[in-house]
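# Summary of the model geometry
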Amino acid sequence: MNIPLIDLKKEYGLYGKNIEKAVIEVLQSGSYILGNKVEQFEKEIANYLGVKYAAGVANGTDALLLALAALGIGEGDEVITTPFTFFATAEVIAKVGAKPVFVDIEPDTYNIDVNKIEKAITDKTKAIIVVHLFGMAAEMDKIMEIASAHQLKVIEDACQAIGTEYKGKRVGGIGDIGCFSFFPTKNLGAFGDGGLVVTNDPDLYKKICQLRNHGSEERYIHDFIGMNSRLDEIQAAILIEKLKLLDMFLFKRIIVANTYTQELPNMKKKPPQYTDRTHTYHQYCIEVDDREQLIGFLKEKGIATGIYYPVPLHLQKAFDYLQYRQGDFPVAENAAKHILALPINPTLTVSEQEYIIKTMKDFAGVSP
Ligand SMILES: *Cc1c(COP(=O)(O)O)cnc(C)c1O
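Residues numbered from 1 in each chain as written. Predicted model: local features only at pLDDT ≥ 70, side-chain atom pairs only at ≥ 80, totals over all residues. Heavy atoms only, no water.

The protein is annotated in an unreviewed UniProt entry as DegT/DnrJ/EryC1/StrS family aminotransferase of Ureibacillus suwonensis. The annotation that UniProt attaches to the protein under Sequence similarities (unreviewed entry) is "Belongs to the DegT/DnrJ/EryC1 family." (UniProt positions renumbered as here; feature names shortened; annotations may be inferred.)

Here it is in structure tokens:
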């Protein structure tokens, strides 16, 4: 057995033919950047997400950067976010010249702890970047309530959560701006980099479209300083094809996750299930005390695992200047020590999963 966390080559076998056809069409079209395919994809994904506007951009990091820029956030501003996420979430805050302010997470969902947000708000706070980590929706009602009480903007980092629902609404379209990544390993992945910014606000949409294209609406006329962050036609054509399969693939992830949750032996922690929101399991993460031993045991049996994330952001060297210390966010620090991701992807077979579960039981000393 050799079970990787994700197998993009094997996945390609499921839909490769349609992708190849779509890509060749683009190659023959003579239009390669922000053309018909991007427009078509933007319409389809806006429809899928239940939002008015969607703008294709170069990657998920740029999507977040453009969101902050569109909201006018920069020097002297503070933005609240979670220390337990991919680096880019906080990186962009610093990149626009603002200060990342971290708030600890909930121990079960790994998302920002809504009960700790208000303590972190100052007169400089301008926005909250909420992350739907691993595909689990954050507590959006409470976050929107706090934001509205303090006149803060809400950016949803939904890079790991495309298709996730919170009280019947897809995430990304609940806050002021939603951001997505189409990095190849994401639940909707391109064959290269890609990203998306969504909003229901026509003015923000217009601003984002201009920002992604050098502050320009009319060619060679520039209203403000922007950047080059455009989605290309080949990626858009690929994403149009893959969007057709998204719900099926998310469903597959949920089935695999539910099986893990039912069948795995007792763990320190398994993902919680709620009735008011869905989890699309970009990662299926458990917590164990003897993580290093388990990783070694599984590796020996040909099963790959991953650690998301081994070092919380407040303890990253890049953020030394913020002067946080060990112990500042104990829940995030504890998660970083114990969390472990198991293989979950649309190509994982039933027998592969049975093997993983059996191996986990062997490790736990439970007789199969
Ligand atoms: C992947 C990811 C990003 C960045 O997306 P890229 O397309 O790689 O730039 C940002 N935030 C989170 C939570 C992510 O998982």
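Structure's up, so let's keep going.
### Thoughts on the packing of helix α7 (residues 233-263) against helix α10 (residues 350-364)
Axis separation between α7 and α10 bottoms out at 11 Å; the angle between their running directions is 25°. Of the possible angle classes, the one that applies to α7 and α10 is roughly parallel. Crossing of α7 over α10 shows right-handed handedness. Where α7 approaches α10, its residues V256, T259, Y260 and E263 are matched on the opposing element by Q353, I356, I357 and K361. Class assignment of the residues belonging to the contact of α7 with α10 gives a composition of four nonpolar, two polar and two charged. (Axes fitted to C-alpha atoms, helices over the stretch in contact; angles between N-to-C directions. Helix = DSSP H or I, 4+ residues; strand = E, 2+ residues; numbered from the N terminus. Parallel < 35°, antiparallel > 145°, perpendicular 65-115°, else oblique. Left-handed = near helix turned anticlockwise from the far one by under 90°. Contact = heavy atoms within 4.5 Å. Nonpolar A, V, L, I, M, F, W, Y, C, P; charged D, E, K, R; others polar.)

### Quick look at the pattern of salt bridges
Under the criterion given, the structure shown has 16 salt bridges. A salt bridge links D141 to K167, with the nearest nitrogen and oxygen atoms 2.7 Å apart. Residue D141 is found in helix α5 (residues 140-149), and its partner K167 is found in the loop between β6 (165-166) and β7 (169-170); the two are separated by 26 residues along the sequence. Overall, D141 belongs to the partly exposed group, its relative accessible area being 38%. Residue E241 pairs with K244 through a salt bridge whose shortest N-O separation is 3.1 Å. A residue pair is termed a helical-turn pair when its members lie 3 or 4 positions apart in one helix, as E241 and K244 do in helix α7 at three residues. Note on E241: relative accessible area 17%, which makes it buried. Where salt bridges share partners, they join E139, D276 and R277 into one cluster. (Salt bridge = Lys/Arg side-chain N within 4 Å of Asp/Glu carboxyl O. Buried < 20%, exposed > 50% of the residue type's maximum accessible area, 1.4 Å probe, protein only.)

### A short note on the domain arrangement of the protein
Taken domain by domain, the protein consists of domain 1 (8-103 + 110-243) and domain 2 (246-364). Distance between the C-alpha centres of domain 1 and domain 2: 24 Å. In total, about 3300 Å² of surface goes out of reach between domain 1 and domain 2, with carbon and sulfur atoms giving 64% of it. The interface formed by domain 1 and domain 2 contains three salt bridges. Put simply, D247 and R170 hold a salt bridge, and the shortest N to O gap is 3.9 Å. Along the contact surface separating domain 1 from domain 2 lie 18 residue pairs in polar contact (both at pLDDT 80 or more). (Domains from an automatic or database assignment. Buried area = accessible area lost by both parts, 1.4 Å probe. Polar contact = N/O pair within 3.5 Å; in protein donor to acceptor, adjacent residues only side chain to side chain.)

### Describing the pairing of strand β8 (residues 177-181)
Summarising burial for β8: five of the five residues are buried, a large majority. With burial as the criterion, each face of β8 is covered, one bearing I177, C179 and S181 and the other bearing G178 and F180. Note: strand β5 (residues 153-157) against β8, three bridges, orientation parallel. Directly across from E156, in β8, lies its bridge partner G178. (Pairing = 2+ DSSP bridges.)

### What about the environment of G327?
Relative to the helices and strands, G327 is located in the loop between α8 (291-300) and α9 (330-338). Of the residues examined, G327 reaches a relative accessible area of 44% and is grouped as partly exposed. For G327 and L315, which are twelve residues apart along the polypeptide, the C-alpha to C-alpha distance reads 9.8 Å.

### Regarding the side chain of H132
Here H132 shows up in the loop between β4 (125-131) and α5. A distance of 2.7 Å separates a polar atom in the side chain of H132 from a polar atom in the side chain of E156. Beyond its immediate stretch of four places on either side in the chain, H132 contacts N111, A137, A138, M140, E156, D157, A158, Q160, A161 and V171.

### Observations regarding the site of the ligand
Surveying the vicinity of the ligand reveals 14 residues, the closest of which are G60, T61, D157, S181 and K186. One of the side-chain nitrogen or oxygen atoms of K186 is found 3.0 Å away from an oxygen atom of the ligand. Taking 380 Å² as the accessible area of the ligand by itself, protein coverage stands at 92%. Where the shell around the ligand is concerned, the elements lending two or more residues are α3 (60-70) and α4 (88-95). Here the shell around the ligand is built from residues that sort into five nonpolar, seven polar and two charged. (Near = heavy atom within 4 Å. Areas by Shrake-Rupley, 256 points an atom, 1.4 Å probe, with all protein chains shown as cover.)

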